[in-house]
Amino acid sequence: MSIPTPTDRPSRPPRRLLGGFALLVALVGLGLAASALIPASRMTMADSRSAPVPAPVDGDRAYGYLKALCAIGPRPAGSAANARQRAMVADHFRKHGGAVREQPFPATDPVSNAPVAMVNLIGSWFPDRAERVLLGVHYDTRPFPDEDPIPANRKKPFLGANDGASGVALLMEIAHHLADSPTPWGVDLVLFDGEELVYGGGNDQVGDYFLGSKAFARAYAEGKKDKARYAAALVLDMVGDRDLAIDREPYSVEFAPGLVRDVWAVAKALKVPQFRDKLGRAVYDDHLPLNNGGIPAIDIIDFDYRHWHTAKDLPEQCSGASLAQVGKVVTAWLNKPKAQGR
Ligand SMILES: [Zn+2]
């Protein structure tokens, strides 16, 4: 994920997003008009049905996955370790009832110009359901810890415990709870490759971000004749910080405001204070290409992480308790009845 500078508005979303945004505004307007017509008694019934029910997410087990992923070593796009991780997660998804497919796409290393074979991994539960939601993470790690305060460390290995493994570990934990879940949605757990095959820190960066989510969004837009449609996507990035605090991310609020409200309302109902009721920093992340491809998507991210892109982004900076809190909110959101609107 990268940080926008003030002159650096999202270059890709605007055109198509404006259309989508206007449509969204219109739909929200319709929704309000419709809900004004529902008798108060019906609304009370809906309210009692809406008590969010999280899955029994196991934070220790999720943290175990995070450590196992880091034990593979650095996992940049195109590496053998990246492929090993993908195989491990694919096996895990299958074991827990997911139908797994790979979505390969070509890319190029921005420094060596060598071709890089990238692969998104998609685990699907309830594949026959046309109305679907997506939980997405990136599983590649940045090639080097370019933001390390000690210059000598910037060529050291980067393990990406929080920036990479935390999202994957949480999806692995959530996979335990999907086959038996009361969710009304088809659910796709998606691992994006090539989120950051990017070299150098600050203004000296070389490479493009979000190659995996861009390829995914392109394939989705091209497959419009397919029956399956995404009602919503949650991108989970840096969700394992020991000192977890997740604010509303401004682009998420701009492009999918109803979804942000929905998820934060679940967190509030579950009394998960790590989801703070305030606007945080804007970040470019995989949610932007998804929105651009017509999937309402938000970024659930704790960007206040001291060890971001440093050699110290290690498992000891993360905790199972943090992963469990996010998992609770996400699974309760998944389990909400559709009638509650999305
Ligand atoms: Zn990163």
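Structure first, text after, so check above.
Bear in mind the structure is a predicted one, so any value in this text is a computation, not a measurement.

Undergrad: Could you clarify how one ought to interpret the overall build of the chain in this entry?
TA: For the chain, the helix and strand inventory stands at 10 helices and eight strands. Counting only residues that meet the buried cut, the chain has 47% of its 342 residues in that class. Sequence separation of 24 or more characterises 84% of the internal contacts of the chain that already satisfy a separation of 6 or more.

Undergrad: Whenever I open this one, the environment of valine 190 confuses me. Can you help?
TA: By the element assignment, valine 190 lies in strand β4 (residues 186–192). Look at valine 190 and you get buried, because 24 C-beta atoms sit within 10 Å. Along the sequence, valine 190 and asparagine 120 sit 70 residues apart, while their C-alpha atoms lie 7.1 Å from each other. Among residues more than four places away in sequence, those in contact with valine 190 are Asn120, Ile122, Leu134, Gly136 and Phe216.

Undergrad: Explain the nonpolar core to me, please; I cannot follow it from the model alone.
TA: Nonpolar side chains tend toward joint burial in soluble globular proteins. The biggest cluster of nonpolar side chains holds 91 residues, and the ones touching the most others in it are Leu66, Val168, Ala169 and Val263. Of the residues forming this core, the biggest block, nine residues, is contributed by helix α5 (residues 161–175).

Undergrad: How should I be thinking about the pairing of strand β2 (residues 115–125) in this particular structure?
TA: The two faces of the sheet receive side chains in turn, since in a regular strand these alternate between them. In terms of burial, β2 is a largely internal element, nine of the 11 residues being buried. As paired strands, strand β1 (residues 99–108) and β2 are joined by 10 bridges and run antiparallel to one another. The residue bridging arginine 101 from the neighbouring strand is isoleucine 122, located in β2. Between β1 and β2, which pair antiparallel in sequence order, lie six residues; one of them, asparagine 113, sits at a positive phi of approximately 65°. Two elements, β2 and β4, share five bridges in a ladder whose sense is antiparallel. The residue bridging serine 124 from the neighbouring strand is aspartate 188, located in β4.

Undergrad: Could you clarify how one ought to interpret helix α3 (residues 59–71) in this entry?
TA: Helical geometry: 3.6 residues make up each α-helical turn, so side chains three or four residues apart lie on a common side. Its 13 residues give α3 an end-to-end C-alpha distance of 18 Å, which sits within 8% of 18 Å, the value for a rise of 1.5 Å per residue. Every buried residue belonging to α3 is among Ala62, Tyr63, Tyr65, Leu66, Leu69 and Cys70, and all of these are buried. The buried residues of α3 occupy an angular sector of 150° when projected down its axis, which confines them to one face. Those residues of α3 that are exposed and aimed more than 90 degrees away from the buried face are Asp60 and Ala71. Glycine 73 sits one or two residues past α3 and shows a positive phi near 105°.

Undergrad: Which parts of the structure should I look at to understand the sheet that holds strand β8 (residues 297–301)?
TA: Backbone-to-backbone hydrogen bonds pair the strands of a sheet. The strands run either parallel or antiparallel. The six strands lie next to each other as β1-β2-β4-β3-β5-β8, forming an open sheet whose pairing is mixed. At either end of the open sheet lies a strand with only one pairing partner, and these are β1 and β8. Shown here is a sheet whose adjacent strand axes are inclined to one another by a mean of 20°, direction ignored. As paired elements, strand β3 (residues 131–138) and strand β5 (residues 229–237) share six bridges and run parallel to each other. Residue pairing across strands places arginine 132 opposite tyrosine 230, the latter belonging to β5.

About the cut-offs
- Residues numbered from 1 in each chain as written.
- Predicted model: local features only at pLDDT ≥ 70, side-chain atom pairs only at ≥ 80, totals over all residues.
- Helix = DSSP H or I, 4+ residues; strand = E, 2+ residues; numbered from the N terminus.
- Buried ≥ 20, exposed ≤ 12 C-beta atoms within 10 Å, placed from the backbone.
- Contact = placed C-beta atoms within 7 Å.
- Core = buried A, V, L, I, M, F, W, Y, C linked by C-beta atoms within 7 Å.
- Pairing = 2+ DSSP bridges.
- Expected span 1.5 Å × (residues − 1).
- Arc of directions from axis to C-beta.
- Axes fitted to C-alpha atoms, helices over the stretch in contact; angles between N-to-C directions.

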